[in-house]
Amino acid sequence: MSLAFVRIDTSGQVTFLLPTCEMGQGTHTGQAQILAEELGTDWSSIIVDMPKQPVAAYRVPVMGQMRSVGSFGIRYWHEPLRLAAAQAREMLTQAAAERLGVMPAALHTEDGFVIHADSGQRIPFGELVEDAMALPVPEEPTLRPDSERTLTGRSIPRLDTPAKVTGKAVYGIDVERDGMLYGAVRLAPVFSADVESIDESSVSGMPGVIEVVRVPRGAVVVADSWWQARQAADALDITFTQTPADHLSTDEIDRMLREALDRPDVPVSTLRGDSEAALSTDGQVVEAEYSVPLLAHACMEPINCTAESTRERTELWIGTQGHDVLRMTLENALQVPADRLFINTTWLGGGFGRKTHGEIALQATLASRAVDGRPVKVLWAREDDVQQGQYRQTMRCRFQATLDEAGNITGMRIRLAGPQMGLEYGFDPEQMAQATGNLATSIPSRLLACRTCATSFRTLPWNTPWSICRSRFAPGVRSLIPSTASSSKASWTNALRQRVATHWNFAEATVRGRSGCSLSLTEWPRCHDGASQLPRALRAAWQWSRATAPMWPRSLRRRLMTKEFTSSGSMRPLTAGTPSIRIRWRRRSRAPSSMLSARR
């Protein structure tokens, strides 16, 4: 029996094919709990795996790709996985009902058996799979009631813990293949540079060296061992093209950001009231400038991929967050057909968004083809991993606020400068800026202005897609009120932190969405630090505004298209008006409860 997420063989072995990778966050255990519970199988005997080819069933609709990003592992996949397991359960139950001559309602599944309680008969799944596969797949199976949910919501030992404790866990860096060779890279030190010339003979006589392979922006040296390959890569006579960014430095980037903030024409993203007038009136004006540097993801496991590739078939062993990205990379560069690409997903030694990209897969595939399809493991050194990183971008923020005699904020102006991230992901930076700045607060006058600075280096989200927006405005919003300050600014920083917490704690925010419904969170987490609450509010608003209706599972979509959540977790009909997402805070005098979540 084989469905998209559930496979059962005639021996009764149940295997779950999971749509997201495991990189230490426990997603495989959580997803397996959902499937095992709804199916009614023996938790102790399940096997978890991942599909070898990214197809429609494993793609997140809002992205159109199979990607392990954005905390979608449970948040999005809960309903589709439950539905798939319920389909398999009903097919097995129907097959058993026909065999026993009873109604399906008289049967239930438990520990890998279909059970008829009245007669005590038990039929193992394995004996039913062939009959079950002859039945049509039910489109809307009945889900288990909450009273029968025995795994989700409970603390269960993670499936990956034993292998990690005993050293049996296989990460990409651990992959071994018969006759495997090793590759080390020598890549351009500047992102906009490419190879100008390579002298392969400069390393051809070195021990173990087999081939020097040209790849985008550099070369891979293939040898009998990785250390031999690395030594040869360091010795390789290779020159790179010159670029205007050859002498770019941290000081130069910082100067560029400061100049951008000083310019009079910084584009305004949000304007409410008259912040200029508010800042010029009597009152205490506080000012500060903050910055965040470029940050590498620096995963514990360096970038690596093992490939066996010919024109007929390409097989990869890799810890990846972007299965469709690998497919598209090889399809565009080498015309590898999707049906001839097979991806063996290992565990990831950290990901954080960095392992969504496919350059390492292309390097390994080219290296394998250069040695007649032999397996080649290409492994970046730690220096390569940091130098070739796709960084969380640097940003600089200039912050000003006016306080009246009571200490209330009467005006606020925030200027931001830094490289823009998100265009390559299809996100509109202007919409993100407005979504960030349009939070309705009790501050009467506020201005948010952003200046994009073009740079030659690549940027990438840190942790989640929300990082595109969060990093974009990190100094001005996420770090609006810093957790530390110099002694000369400590007093006003503490006062301002308290005032911002007061203002944003009871304000109502409305972010317009394309979803055709609204989510109302009428109470807030047990966290009274306004600086911490603000990014969480923005995150909730952004995620729901991006979650277009086609992305939602049918059962959840039906409920949300006509209802909104209340503070007690119940639902009520939506009021007429413009579709929106509403987030409300209560005053701190009333102890806030846990933030509501969209759960059944």
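This write-up is about the structure you can find in this document. (Residues numbered from 1 in each chain as written. Predicted model: local features only at pLDDT ≥ 70, side-chain atom pairs only at ≥ 80, totals over all residues. Heavy atoms only, no water.)

1. Here's the deal with the sheet that holds strand β9 (residues 209–215)
Turning to step 1, where the next piece is worked out: Spatially, seven strands are ordered β9-β10-β7-β17-β14-β15-β16 in an open sheet, and the strand pairing comes out mixed. With one partner strand each, in any of the chains shown, β9 and β16 (341–345) form the two edges of the open sheet. For this sheet the average axis-to-axis angle between neighbouring strands, irrespective of direction, equals 25°.
Turning to step 2, where the next piece is worked out: Where strand β14 (residues 304–309) lies against strand β15 (residues 314–318), four bridges are found, and the strand directions are antiparallel. Within the sheet, the bridge partner assigned to S309 lies in β15 and is T314.
Turning to step 3, where the next piece is worked out: The strands touched by helix α6 (residues 226–235) are β7 (181–187), β9, β10 (218–223) and β17 (376–379); relative to β7, the strand with the most contacts, the crossing angle is about 25°. (Pairing = 2+ DSSP bridges. Helix = DSSP H or I, 4+ residues; strand = E, 2+ residues; numbered from the N terminus. Axes fitted to C-alpha atoms, helices over the stretch in contact; angles between N-to-C directions. Contact = heavy atoms within 4.5 Å.)

2. Section: a negative patch on the surface
Turning to step 1, where the next piece is worked out: A cluster of acidic residues, D199, E200, E211 and D237, forms a negative patch at the surface.
Turning to step 2, where the next piece is worked out: Locating D199 in the fold gives a position in strand β8 (residues 195–199). (Patch = residues over 30% accessible without salt bridge, like charges linked within 9 Å, V, L, I, M, F, W, Y side chains within 5 Å. Areas by Shrake-Rupley, 256 points an atom, 1.4 Å probe, with all protein chains shown as cover. Salt bridge = Lys/Arg side-chain N within 4 Å of Asp/Glu carboxyl O. Lys, Arg positive; Asp, Glu negative; His and termini not counted. Charge placed at Lys NZ, Arg CZ, Asp CG, Glu CD.)

3. Details of unusual backbone geometry
Turning to step 1, where the next piece is worked out: Unusually for a residue other than glycine, R217 sits at a positive phi of about 65°.
Turning to step 2, where the next piece is worked out: The residue R217 is located in the loop between β9 and β10 in this model.
Turning to step 3, where the next piece is worked out: Classification of R217 as buried rests on a relative accessible area of 15%.
Turning to step 4, where the next piece is worked out: Despite not being glycine, A298 shows a phi value in the positive range, around 50°.
Turning to step 5, where the next piece is worked out: Looking at the element boundaries, A298 is found in the loop between β13 (284–292) and β14. (Buried < 20%, exposed > 50% of the residue type's maximum accessible area, 1.4 Å probe, protein only.)

4. Considerations on the packing of aromatic side chains
Turning to step 1, where the next piece is worked out: Evaluated as defined, the whole model comprises six aromatic pairs.
Turning to step 2, where the next piece is worked out: Centroid distance Y76 to W77: 4.8 Å. Interplanar angle 80°. Geometry classified as edge-to-face. W77 carries the same exposure label as Y76, and that label is buried.
Turning to step 3, where the next piece is worked out: Relative to Y391, the ring of F191 has its centre 6.1 Å away and its plane inclined at 65°; by these criteria the two rings are edge-to-face. Within this pair, whereas F191 is found in the loop between β7 and β8, its partner Y391 is found in the loop between α11 (382–387) and β18 (395–403), the two being separated by 200 residues in sequence.
Turning to step 4, where the next piece is worked out: Take Y391: its relative accessible area is 12%, and that puts it in the buried class.
Turning to step 5, where the next piece is worked out: Just above the ring of W347 sits the side chain of K164; from NZ or CZ to the centre is 5.4 Å. (Phe/Tyr/Trp six-rings, centres within 6.5 Å; stacked < 30°, edge-to-face > 60°. Lys NZ or Arg CZ within 6 Å of the ring centre and 35° of its normal.)

5. Re the nonpolar core
Turning to step 1, where the next piece is worked out: Counting residues in hydrophobic clusters, the biggest one holds 44 residues, and the most contacted among them are F5, V6, I8, F16, L35, L39 and L92.
Turning to step 2, where the next piece is worked out: For this core, the elements supplying multiple residues, two or more each, are β1 (6–8), β2 (14–17), α1 (27–39), α3 (78–100) and α4 (129–133).
Turning to step 3, where the next piece is worked out: With nine residues, α3 is the largest single contributor of residues to this core.
Turning to step 4, where the next piece is worked out: Setting aside residues no more than four positions away along its own chain, L35 makes contact with F5, V6, F16, L18, L81 and A85.
Turning to step 5, where the next piece is worked out: If you look at the next biggest cluster of nonpolar residues, it comprises 28 residues, including V222, I303, L316 and L330. (Core = buried A, V, L, I, M, F, W, Y, C linked by side-chain atoms within 4.5 Å.)

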